[in-house]
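Descriptive analysis of the structure
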Amino acid sequence: MASKTALLWLRRDLRLHDNPALAAAASADRLLPVYVVDPRRYGTATFGGADSFTFEKTGGHRVAFRCEALADLRERLRDRGSDLVVRTGEPSSVVPALAARVDADAVHVHTRPTPEERTVERRVADGLEDVPLVRRWGHTLYHPDDLPMAVDEVDDTYTPFRKRVESAATVRDPRPVPDLPTRPAVDPGTLPTPGDLGVENPSHDDRAVLDFEGGETAALERVEEYLWETDSLREYKETRNGLLGRDFSSKFSPWLNEGCLSPRRVSAEIDRYEDRRVANDSTYWLRFELRWRDFFQFQFAKHGATFFTPGGIRERDVDWMDDEAALDRWKRGETGIPFVDAAMRELNRTGYMSNRGRQNAASFLANDLRIDWRKGAAYFETRLVDYDPASNYGNWAYVAGVGNDSRNRSFDVLGQAKRYDPEAAYVTRWLPELDALPPAAAHEPWRLTPAERAEHGLELGVDYPRPMVDLEGSE
Ligand SMILES: Cc1cc2nc3c(=O)[nH]c(=O)nc-3n(C[C@H](O)[C@H](O)[C@H](O)COP(=O)(O)OP(=O)(O)OC[C@H]3O[C@@H](n4cnc5c(N)ncnc54)[C@H](O)[C@@H]3O)c2cc1C
């Protein structure tokens, strides 16, 4: 039988463990692992549709994380006698050209359910002409073939989806790292730096919950740390609404989304933890959250680009406001509502924000300011180190009332602030100008009398903004 050459086109699957496309490609006699830096993913992009607007596609924290992930993957491949070939250009020309160069019999890739990624796949498939593009699914807990329903019949609300998968679907075992075939002689090319991609390397901030380092090596270390070294999983259900600190939640999201970590690997680790340490509500709850992640992936497979419309999958007719000045204040963390501002400043400085922070910051923009939720989501797309199209736009649509829940998802931001940050430790961490105030006042500095503010050395409108809306009426 003639020997075979495979090209593995890596995208957001930057790992060797549990990588179904790699496992399939590695059965060839020669394997060329390739990553294409697509310049259209960086710099200014247009959010299409009727009210189109521009935004920065990928900000510094995610770019730096991705560059680190690529460097780590190259090293891991080199340790196994292979390499990562890196090229810059449009995948639809780069991948076919490399496939022709090594006379590839097939190109292997992981498919994604989101429209942009699907379009790129289609163009690459067209460019390859007679060489097959072999697509595999490898980024969710459940494989779509194992769901108890067809993907286009997935429930539009989470609870029935969760109940059905919990009772009738199983998670496949993660695949081991395969032996790697030899690599055809091709210049490996140079790894990109953040500067090459048009952003500055983000500066470190001591207040960050974690220094997210890209790559499979750091991902597996974080799993080890969170489950085994600090034993934090034991209390996840109680701590997961936290705002400060390394271990109130797993912080797996950046690695899951860049594909440095497989959710099935996490699930297998939870199994092991349940065997050896404890099986409790917390171990169940981490899987519960991973099912949310799956839910949005399958929702995008079902509804596609409808998610990006102003009225979302519910096709609601909402008269969203267009107020660039207000949007800008929200982005900078200068709304005058400390809980929202702290969250936005954390995002801007570190690329991360807790789930509680995201819910409140998003709800404030969509439900209190009534600004087009997609502009907020696009800003998160730029800034988040863990951005994923389905998780981000799916959650935003949900909070804005145009997604997977018909109930009003508006958050009482002031009530949430007092409940989840009773000592105002979070707001004062990110808004040191409020540090001298008693906790209740730090959440609502406008309630102090001018004399009290003067006593604490705070001048509203000078040291910290006046609130841009009156939240007293919100629920
Ligand atoms: C407006 C908004 C935007 C969001 N954008 C993103 C995004 O772009 N990327 C992203 O990964 N998550 C997003 N989330 C979901 C959630 O906030 C993050 O997954 C979580 O904060 C990441 O921290 P963690 O890994 O410590 O989470 P943990 O609490 O430890 O959860 C474990 C994992 O479960 C998954 N998960 C948890 N909650 C959700 C959820 N609501 N939806 C989908 N997956 C979930 C994540 O993969 C997470 O890493 C968003 C939530 C909101 C409200």
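Residues numbered from 1 in each chain as written. Predicted model: local features only at pLDDT ≥ 70, side-chain atom pairs only at ≥ 80, totals over all residues. Heavy atoms only, no water.

A closer look at the overall build of the protein
Keep this limit in mind: Starting at the N terminus, helices and strands are each numbered in turn, a helix being any DSSP run of H or I of at least four residues and a strand any DSSP run of E of at least two. Partly exposed describes any residue whose relative accessible area lies between the buried limit of under 20% and the exposed limit of over 50%, with all areas from a 1.4 Å probe on protein chains only and scaled to the type maximum. Note on contacts: a residue pair qualifies if any of its non-hydrogen atoms lie within 4.5 Å across the two residues. Method for areas: the Shrake-Rupley scheme with a 1.4 Å probe, in which residue coverage is limited to the protein chains shown. By the counting scheme adopted, Arg and Lys are positive, Glu and Asp are negative, and His together with the chain ends is not counted. Working definition for charges: the position is that of NZ of Lys, CZ of Arg, CG of Asp or CD of Glu.
When helices and strands are counted, the protein shows 19 helices and seven strands. Across its three principal directions, the C-alpha atoms of the protein cover 85 × 50 × 40 Å. Residues counted as buried form 57% of the 475 residues belonging to the protein. In the protein, the share of contacts with a sequence separation of at least 24, taken over all contacts with a separation of at least 6, comes to 77%. Approximately 19600 Å² of the protein is accessible, and the part contributed by carbon and sulfur atoms is 44%. Charge separation in the protein, taken as the distance between the mean sites of 65 positive and 82 negative side-chain charges, equals 3 Å.

Structural notes on helix α9 (residues 263–276)
Condition: In a helix, the anticipated span is given by 1.5 Å times the number of residues less one. Pairs of N or O atoms within 3.5 Å make up the polar contacts considered here, provided that, within protein, one atom can donate a hydrogen while the other can accept it, and that residues adjacent in sequence are counted only when both atoms are side-chain atoms.
With 14 residues, α9 ought to run about 20 Å at 1.5 Å a step, and its terminal C-alpha atoms sit 20 Å apart, in line with that. Within the sequence span of α9, burial applies to Pro263, Arg264, Val266, Ser267, Glu269, Ile270 and Tyr273. The inward-facing, buried residues of α9 abut α1 (20–25), α6 (216–229), α8 (253–258) and α10 (281–303). Where α9 starts, the residue carrying a side-chain oxygen 3.1 Å from the main-chain nitrogen of arginine 264 turns out to be serine 262.

Concerning the pattern of salt bridges
Once their charged atoms are close, side chains differing in charge can pair, the charge on each being opposite to the other. Put simply, the rule is: By definition, a salt bridge exists where a carboxyl oxygen of Asp or Glu is found within 4 Å of a side-chain nitrogen of Lys or Arg.
Counting across every chain of the model gives 43 salt bridges. For arginine 11, the salt bridge is made with glutamate 121, and the minimal N-O distance between the two is 2.4 Å. With arginine 11 in the loop between β1 (5–10) and α1 and glutamate 121 in helix α4 (residues 115–128), the pair connects residues that are 110 residues apart, well separated along the chain. Residue classification places arginine 11 among the buried positions, given a relative accessible area of 13%. Notably, a salt bridge pairs lysine 57 with glutamate 116, separated by 3.1 Å at the nearest N-O pair. Pair noted here: lysine 57 is in the loop between β4 (53–56) and α2 (60–79) and glutamate 116 is in helix α4, with a separation of 59 residues, a long-range link. Given a relative accessible area of 7%, lysine 57 falls into the buried group. Bridged by salt links that share partners, the residues Arg41, Lys57, Glu116 and Glu381 form one connected network.

Examining the layout of surface pockets
Test applied: Residues are said to line a cavity or pocket when one of their atoms sits within 4 Å of a point; the points come from a 1 Å grid over protein atoms alone, cavities being sets where a 1.4 Å probe fits but cannot get out and pockets being open sets with protein on both sides within 12 Å along at least five of seven lines. Grid points are joined across faces, edges and corners, and a volume is the space filled by probe spheres set on the points. Each residue receives one of three labels: charged for Asp, Glu, Lys and Arg, nonpolar for Ala, Val, Leu, Ile, Met, Phe, Trp, Tyr, Cys and Pro, and polar for the others, Gly being one of them.
In this model, the largest pocket occupies a volume close to 1400 Å³. Elements supplying a minimum of two residues to the lining of the largest pocket: α5 (158–168), α8, α10, α13 (355–368), α15 (389–400) and α16 (413–420). With eight residues, α10 is the largest single contributor of residues to the lining of the largest pocket. By residue class, the composition of the lining of the largest pocket is 22 nonpolar, 15 polar and twelve charged. What the second largest pocket holds in volume is close to 800 Å³. Along the wall of the second largest pocket there are 39 residues; nearest its centre are Arg41, Lys57, Glu116, Glu117 and Glu381. Looking at the lining of the second largest pocket, the elements that each hand over two or more residues are β1, β2 (30–37), β3 (44–47), α2, α4, α14 (373–383) and α15.

Overview of the UniProt feature "site: Electron transfer via tryptophanyl radical" (unreviewed entry) in the protein
Rule in force here: UniProt positions are given in the numbering used here, feature names are shortened, and annotations may be inferred rather than shown by experiment.
Per the UniProt record, "site: Electron transfer via tryptophanyl radical" (unreviewed entry) is found at Trp320, Trp373 and Trp396. These residues run over 77 residues, yet every pair of their C-alpha atoms falls within 14.1 Å of each other. Lining residues of the largest pocket, restricted to the annotated ones just named, are Trp396. Examined against the element boundaries, tryptophan 320 turns out to sit in the loop between α10 and α11 (324–332). Contacts of tryptophan 320, omitting those with residues within four sequence positions, involve Pro310, Ala366, Arg370, Ile371, Asp372, Trp373, Ala400 and Val402. Counting through the fold element by element, tryptophan 396 comes out in helix α15. Contacts of tryptophan 396, omitting those with residues within four sequence positions, involve Trp330, Ala362, Leu365, Trp373, Gly376, Ala377 and Phe380.

Topic: the site of the ligand
To keep things clear, this is the line we draw: Throughout this document, a residue counts as near a molecule or strand when at least one of its heavy atoms sits within 4 Å of that molecule or strand. A cavity or pocket is said to hold a molecule if more than half of that molecule's atoms lie within 2 Å of its grid points.
Inspection of the region around the ligand gives 26 residues, with Tyr236, Ser249, Ser250, Lys251 and Asn355 positioned closest. Serine 250 has a polar side-chain atom sitting 2.6 Å from an oxygen atom of the ligand. Between the ligand and arginine 358 there is a distance of 3.5 Å, counted from an oxygen atom to a side-chain nitrogen or oxygen. Protein contacts shield 97% of the accessible area of the ligand, which totals 810 Å² for the unbound molecule. Counting atoms within 2 Å of the grid points, the majority share of the ligand lands in the largest pocket.

Side note on the environment of threonine 283
Mapping threonine 283 onto the fold places it in helix α10. Taking the C-alpha atoms as reference points, threonine 283 and leucine 227, 56 residues apart in sequence, are found 9.9 Å from one another. Engagement of the side chain of threonine 283 in a polar contact is seen with the backbone oxygen of asparagine 280, the distance being 2.8 Å.

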